[in-house]
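Coordinate analysis (summary)
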Amino acid sequence: MKVINARHRDSAGAEGTMENFTALFGAQADPPPPPTALGFGAGKPPPPPPPPPGGGPGPAPPPTAASAPSGADKSAAGCGPFYLMRELPGSTELTGSTNLITHYNLEHAYNKFCGKKVKEKLSNFLPDLPGMIDLPGSHDNSSLRSLIEKPPILGGSFNPITGTMLAGFRLHTGPLPEQCRLMHIQPPKKKNKQKHKQSRTQDPVPPETPSDSDHKKKKKKKEEDPERKRKKKEKKKKKNRHSPDHPGVGSSQASSSSSLR
Amino acid sequence: MAEKFDHLEEHLEKFVENIRQLGIIVSDFQPSSQAGLNQKLNFIVTGLQDIDKCRQQLHDITVPLEVFEYIDQGRNPQLYTKECLERALAKNEQVKGKIDTMKKFKSLLIQELSKVFPEDMAKYWSIWGEDHPPS
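Read on for a plain summary of the structure. Please read these numbers as outputs of a predicted model, since none were measured by experiment. (Residues numbered from 1 in each chain as written. Chains lettered and ligands numbered in written order. Predicted model: local features only at pLDDT ≥ 70, side-chain atom pairs only at ≥ 80, totals over all residues. Heavy atoms only, no water.)

1. Focus on the nonpolar core
Put simply, the rule is: Nine residue types can take part in a nonpolar core, namely buried Ala, Val, Leu, Ile, Met, Phe, Trp, Tyr and Cys, and a core is a set of them joined through side-chain atoms within 4.5 Å. Burial here depends on accessible area, computed with a 1.4 Å probe over protein chains only, as a share of the maximum for the residue type. Under 20% is buried, over 50% is exposed, and the range in between is partly exposed. Under the DSSP-based scheme used, a helix requires at least four consecutive residues in state H or I and a strand at least two consecutive residues in state E, with every element numbered from the N terminus. We call two residues in contact when some of their heavy atoms are within 4.5 Å.
Counting residues in each nonpolar core, the largest one holds 14 residues, and the members touching the most others are I161 of chain A together with L8, L22, L37, L41 and I44 of chain B. When residues of this core are traced back to their parent elements, those giving at least two are helix 1 (2–27) and helix 2 (34–57) of chain B. A total of 6 residues in this core trace back to one element, the largest contributor, which is helix 2 of chain B. Excluding its chain neighbours within four sequence positions, the residues that come into contact with L37 of chain B are F169 and L171 of chain A together with L22, I25, V26 and F29 of chain B. Residues F82 of chain A together with I110, I127 and W128 of chain B belong to the second largest nonpolar core, which totals 7 residues.

See below:
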């Protein structure tokens, strides 16, 4: 860093610079003339120096040419060029320059969460929880946020259900409609292809519910239909290429015949 | 402290398992399942009572609301912890950089001022004396 001053060339110039510097911040050598000298009458006494901001703690500085009062009144010493100087704020041991993670013994936690790859989905954190938990809570109105914003109105305590109350829980026999079947649906779990192939030959296939098998068959049919169409199109294209009526084939034969001549 | 979390976790797991079994019973209900259904319903009530008892031991535990946003989005809440640690480390490094830069600037400023204004700097050092903080 360079303090640019065009007048500071040599020692003689430095003295002139000092005069300008002190002149900027007020000089003790030339105090302002008293108001009586200017013919305004007896002036008011000069105001007392401002009190120190921190009460002047610490040892007393040595007496300076500016006649600073005893005690650590650094702001009063600013009668010279340092009139803006104040006490520094108290220094603390813990600052941003220290590694806060080691200071608070969070290295293990940091390595655990940031060293390894944390999986994105909620089902990886709660694998044993049934249902589709990876979906947003706003889909089925099961968000925790809504529970906090609109807490349900509760009674006072949890009382056991009596016999007469249990009469209201008599259900009809038979399976539930498909719309209400949500408990058995689990998020799809990724499996290795090799393991999956081995399991096909070794383990028996678990019994499927009729609704699931119909759904799978429909999916298979939908997947097969576009594939069948593509295969048919490819076959047609191949047939058309090899037919004598195709312009491309005919032109190529004509060119080959012309070259032989 | 980990024990009260273990108790709560245990009660919650039992409660969830109870609800799951109730769902299985209801999905294909038979007349003979009525007794089991009534039993599961009473287990729900006792499970809620047990969870309510655990609440008293955990009244001083605070959970940040941002974690609930992660859960509502179907994301792993450990990602919140990971992002907090990463943000803390990044901010720590940023502040350390600022402190180091300011220290270098101070030492450089004092050095240059001592060259240009030696007398004023001598006054400055005399005023601070032993109170001057280490640079």
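Alright, that's what it looks like, and here's the rest.
2. Description of the packing of aromatic side chains
Put simply, the test is: Here a Phe, Tyr or Trp ring, Trp counted by its six-membered ring, pairs with any other such ring whose centre lies within 6.5 Å, and the pair is stacked when the planes are under 30 degrees apart, edge-to-face when over 60, and tilted otherwise.
In total, this model carries 3 aromatic pairs over all chains according to the counting rule given. The interplanar angle of 50° and the centroid separation of 6.0 Å between the aromatic rings of F82 of chain A and Y124 of chain B together place this pair among those described as tilted. Residue F82 of chain A is found in the loop between helix 1 (11–25) and helix 2 (100–103), and its partner Y124 of chain B is found in helix 5 (residues 118–128); the two belong to separate chains. Side by side, F82 of chain A and Y124 of chain B carry an identical accessibility label, which is buried. Aromatic rings pair up to connect F82 of chain A together with Y124 and W125 of chain B into one cluster.

3. Considerations on the interface of chain B and chain A
To be explicit about the condition: Summed over both partners, the accessible area lost on bringing two parts together, with a 1.4 Å probe, is the buried area. In the sections that follow, a salt bridge refers to a side-chain nitrogen of Lys or Arg positioned within 4 Å of a carboxyl oxygen of Asp or Glu. Nitrogen and oxygen atoms within 3.5 Å of one another constitute a polar contact, given that in protein one can donate a hydrogen and the other can accept it, and given that sequence-neighbouring residues count only through two side-chain atoms. In this classification, the charged set is Asp, Glu, Lys and Arg, the nonpolar set is Ala, Val, Leu, Ile, Met, Phe, Trp, Tyr, Cys and Pro, and all remaining amino acids, among them Gly, are polar. Strand pairing is assigned whenever DSSP detects at least two bridges linking the two strands.
Contacts between chain B and chain A engage 56 residues on the former and 63 residues on the latter. Surface buried jointly by chain B and chain A totals about 5,400 Å² across both partners, of which 71% is contributed by carbon and sulfur atoms. On the chain B side of the contact with chain A, D72, L85 and I127 of chain B bury the most area, a combined 12% of that side's loss. If you look at where chain B meets chain A, you find 2 salt bridges. Of the charged contacts, one joins E120 of chain A and R75 of chain B as a salt bridge, the two residues approaching to 2.9 Å between their closest N and O atoms. Remark: the boundary between chain B and chain A carries 15 residue pairs in polar contact (both at pLDDT 80 or more). Looking at the side of chain B that touches chain A, the elements that each hand over two or more residues are helix 1, strand 1 (28–29), helix 2, helix 3 (65–72), helix 4 (78–116) and helix 5 of chain B. With 16 residues, the top contributor of residues to the side of chain B that touches chain A is helix 4 of chain B. Residue classes in the side of chain B that touches chain A are distributed as 28 nonpolar, 14 polar and 14 charged. Two elements, strand 1 (residues 174–175) of chain A and strand 1 of chain B, share 2 bridges in a ladder whose sense is antiparallel. Residue pairing for strand 1 of chain B: P175 of chain A is matched across the bridge by D28 of chain B.

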